Amino acid sequence: MAARLLAARRVTILTGAGVSAASGVPTFRGPDGLWRQYRPEDLATSTAFARNPELVWEWYGWRRAKVAACHPNAAHTVIAAWSASEAAEGGRIPADVMVLTQNVDDLHLRAGTRRLVRLHGSIWEMSCWGRCSAGASPWRDENVPLSPMPPRCPHCRGLARPAVVWFGESLRAADVESAIDAAACDVFLTVGTSAIVYPAAGLVHEARRHGAFTVEINPDDTAASTIVDVALHGGAEQILPELDRLAKQDAGARLRRPE
Ligand code: OAD
């Protein structure tokens with residue numbers, strides 16, 4: 001596996017909630033997952049927001065407070081180091097690394113990940129619910145607790161909404177384009193995702209169509225487990241540092257090997 005990483009020109013990593021589990025961020029479908037306690041249609045749709053914006057903002061305010069108390073874990077750190085991996089940047093693996101995340105927690109950003117596409121947006125960004133011209137582009141807001149509550153658009157003073165993708169909404173076209181382009185890679189890793197929410201779940205199929213070597217990192221079997229070339233069972237925070245260590249070891253051995 002480490003040899004595959006070292007030989008690849010393009011590596012793409014798709015992450016989901018499991019990559020942040022060791023940081024203390026709840027997943028959606030695990031035993032204590034958010035969707036075991038709440039119904040997505042009550043909290044993560046535009047209909048729910050139109051019905052009760054205060055309730056939806058209360059839920060996002062609670063999640064923001066939870067994430068604010070969390071820190072990137074070893075999995076985020078390795079991914080960040082690999083994403084700076086061009087030889088000129090003194091990186092760890094000599095490939096172009098692209099990171100596609102379904103997570104809205106921004107822990108990849110906080111770890112310093114480059115070439116990152118946040119497919120489902122960010123819990124730390126807002127946009128104008130009324131889509132006024134200036135407020136249609138997301139702005140950053142890191143207030144914990146939220147203030148005012150519910151938050152307002154700074155441009156038109158109307159209601160603000162979380163700049164995340166809700167059920168029934170489309171991903172940004174530019175993000176989908178980047179993700180599809182990134183699926184044309186040599187090694188594709190799907191890390192900490194149940195691989196059931198599309199379009200992200202379709203990327204592993206796309207990568208296979210391009211002939212990529214596909215790897216899953218997850219303690220449990222998922223919808224992708226039977227599709228990938230290799231399923232590595234375990235926490236991302238353990239397996240990624242181990243892969244990083246093996247890649248460094250292999251790279252060192254290659255350098256020392258006489259011609
Ligand atoms: P899920 O909660 O569906 O899946 C989390 C996955 O992480 C599961 O397969 C777990 O087995 C795995 N996991 C748990 N701990 C892990 C660890 N330490 N290391 C690696 N894996 C671990 O979360 P997602 O697949 O990210 O969308 O969910 C996809 C989307 O569904 C989310 O982005 C969200 C949700 O509804 C929206 O809100 C639009």
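Higher on the page you've got the structure.
Quick caveat, the model's predicted, so the values are computed rather than measured. (Residues numbered from 1 in each chain as written. Predicted model: local features only at pLDDT ≥ 70, side-chain atom pairs only at ≥ 80, totals over all residues. Heavy atoms only, no water.)

Chemist: How should I be thinking about the site of the ligand in this particular structure?
Modeler: The environment of the ligand is made up of 23 residues, and the closest members are Phe-28, Arg-29, Thr-193, Ser-194 and Asn-218. Here an oxygen atom of the ligand and a backbone polar atom of Ala-17 are 2.8 Å apart. Taking Arg-29, its side chain carries an N or O atom lying 2.6 Å from an oxygen atom of the ligand. Isolated, the ligand exposes 790 Å² of accessible area, and the fraction of that covered by the protein chains is 89%. Grouping the constituent residues of the shell around the ligand by class yields 9 nonpolar, 11 polar and 3 charged. (Near = heavy atom within 4 Å. Polar contact = N/O pair within 3.5 Å; in protein donor to acceptor, adjacent residues only side chain to side chain. Areas by Shrake-Rupley, 256 points an atom, 1.4 Å probe, with all protein chains shown as cover. Nonpolar A, V, L, I, M, F, W, Y, C, P; charged D, E, K, R; others polar.)

Chemist: Could you clarify how one ought to interpret empty space enclosed by the protein in this entry?
Modeler: A probe matching the size of a water molecule, rolled over the atoms, marks out where space remains unfilled. Tallying each qualifying case throughout the model produces 1 cavity of 30 Å³ or more. Taken as a whole, the largest cavity holds about 40 Å³ of empty space. Around the largest cavity, the lining residues are Thr-101, Asn-103, Asp-105, Asp-106, Leu-107, His-108, Leu-109, Leu-116 and Arg-118. Of all elements in the fold, only helix H7 (107–110) and strand E3 (116–118) reach the threshold of two or more residues within the lining of the largest cavity. With 3 residues, the top contributor of residues to the lining of the largest cavity is H7. For the lining of the largest cavity, the class distribution of residues is 3 nonpolar, 3 polar and 3 charged. (1 Å grid on protein atoms, 1.4 Å probe; cavity = no way out; pocket = protein on both sides within 12 Å on 5 of 7 lines; lining within 4 Å. Points joined across faces, edges and corners; volume = space filled by probe spheres on them. Helix = DSSP H or I, 4+ residues; strand = E, 2+ residues; numbered from the N terminus.)

Chemist: Can you walk me through the side chain of Asn-103 in this structure?
Modeler: Locating Asn-103 in the fold gives a position in the loop between strand E2 (96–101) and H7. There is a polar contact of 3.0 Å between the side chain of Asn-103 and the backbone nitrogen of Ala-17. Setting aside residues no more than four positions away along its own chain, Asn-103 makes contact with Thr-15, Gly-16, Ala-17, Val-19, Ser-20 and Gly-121. (Contact = heavy atoms within 4.5 Å.)

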